[in-house]
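Each chain, written out:
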Amino acid sequence: MVQSSKKNQGVPEPTIRRMPSYLAFSEGLLKKGQEFVSSTQIANYMNIDPTQVTKDLSYTSIVGKTRVGYEVRAMVDILSSFLGFTVMDQAFLVGAGSLGSALLHDDGLENFGLDIVAAFDVNPGIVGKKINDIEVFHIDQFRDLAQEMKAIIGIITVPAEYAQSVADLMAAWGVKAIWNFTPARIKVPDDIVVQNTSLYANLAIIFNKIHTDKEEAL
Ligand SMILES: NC(=O)c1ccc[n+]([C@@H]2O[C@H](COP(=O)([O-])OP(=O)(O)OC[C@H]3O[C@@H](n4cnc5c(N)ncnc54)[C@H](O)[C@@H]3O)[C@@H](O)[C@H]2O)c1
């Protein structure tokens, strides 16, 4: 069995960002019954240079065979483990509104190693309910439940103006990472990993590209 590290220190972030696509591509090939895949085939799919693929995969224990390439089954096993998708980490979500409840409904997160064990909110209409079988508690219960449930990842989906106070609460409890979906930039001790995610930033890039293309075409 391949052990997951969930601590792949020194691996460049662009490499980590490409790996889920390598994994998805390999899973597709596995379903079609393909046994081996070459770096050129992966590179064509990704629209990048084959040497980049070889370099990225060299951070893992995947070994290619001359002329046949990489074994697809090993790619799937090693990449999912390398990316930390095979070991479950527990998370708390704070802010069970529109976005928060969408994340609570996303069963796919579990396939990627994230188990949301509890949600928190302040709205009496939401507190005490279950969303996709995950209980929503009042934020005042955070400290006690954090102690009990020992989640190491905090997900923030509250209005931006409350993001810092929620981050402070999570940091005081001792989370190792915060996945911040708000547009606020939070400040936490350096040993806490913060990942900011925004659909709207990606949308702005799309708008910028299509509008620039349109202007160029005029
Ligand atoms: N990253 C993205 O792509 C993306 C997409 C949509 C929304 N957002 C952001 O996510 C956040 C939530 O957006 P939404 O549309 O779900 O809003 P929403 O109003 O539907 O939900 C926010 C929830 O947070 C709760 N809340 C408020 N203060 C709280 C506190 N101190 N502690 C606990 N819960 C609290 C509210 O009761 C509400 O249920 C906003 O910051 C928004 O900008 C980000």
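Residues numbered from 1 in each chain as written. Predicted model: local features only at pLDDT ≥ 70, side-chain atom pairs only at ≥ 80, totals over all residues. Heavy atoms only, no water.

A. Structural context of the UniProt feature "domain: CoA-binding" (unreviewed entry) in the chain. Residues given the UniProt feature "domain: CoA-binding" (unreviewed entry) here are residues 84–185. A helix fraction of 30% and a strand fraction of 28% characterise residues 84–185, whose end C-alpha atoms lie 26 Å from each other. (UniProt positions renumbered as here; feature names shortened; annotations may be inferred. Helix = DSSP H or I, 4+ residues; strand = E, 2+ residues; numbered from the N terminus.)

B. Representation of the packing of helix 2 (residues 39–46) against helix 3 (residues 50–57) in the model. Running from N to C, helix 2 and helix 3 cross one another at 110°; their axes reach a closest spacing of 8 Å. By the criterion of interaxial angle, the relationship of helix 2 to helix 3 is roughly perpendicular. Residues Ser39, Thr40, Ile42 and Ala43 of helix 2 touch helix 3, and the partners they reach there are Pro50, Val53, Thr54 and Leu57. Classifying every residue of the contact of helix 2 with helix 3 gives five nonpolar, three polar and no charged. (Axes fitted to C-alpha atoms, helices over the stretch in contact; angles between N-to-C directions. Parallel < 35°, antiparallel > 145°, perpendicular 65-115°, else oblique. Contact = heavy atoms within 4.5 Å. Nonpolar A, V, L, I, M, F, W, Y, C, P; charged D, E, K, R; others polar.)

C. Quick peek at helix 7 (residues 142–149). For helix 7, the full list of buried residues reads Phe142, Leu145 and Ala146. All buried residues of helix 7 project into a common sector of 105° when viewed along the axis, lining one side. Exposed side chains of helix 7 directed beyond 90 degrees from the buried face belong to Arg143, Asp144 and Glu148. Looking at the buried positions of helix 7, the neighbouring elements they touch are strand 3 (89–94), strand 4 (114–121), strand 6 (134–138) and helix 8 (163–173). Immediately downstream of helix 7, the backbone of Lys150 shows phi near 55°, a positive value. (Buried < 20%, exposed > 50% of the residue type's maximum accessible area, 1.4 Å probe, protein only. Arc of directions from axis to C-beta.)

D. Here's a closer look at the packing of aromatic side chains. If you walk through the whole model with that rule in mind, you get seven aromatic pairs. Relative to Phe137, the ring of Phe120 lies with its centre 5.9 Å away and its plane at 40°, an arrangement referred to as tilted. Taken as a pair, Phe120 in strand 4 and Phe137 in strand 6 lie far apart in primary sequence, 17 residues in all. Residue Phe120 is classed as buried on the basis of its relative accessible area of 0%. (Phe/Tyr/Trp six-rings, centres within 6.5 Å; stacked < 30°, edge-to-face > 60°.)

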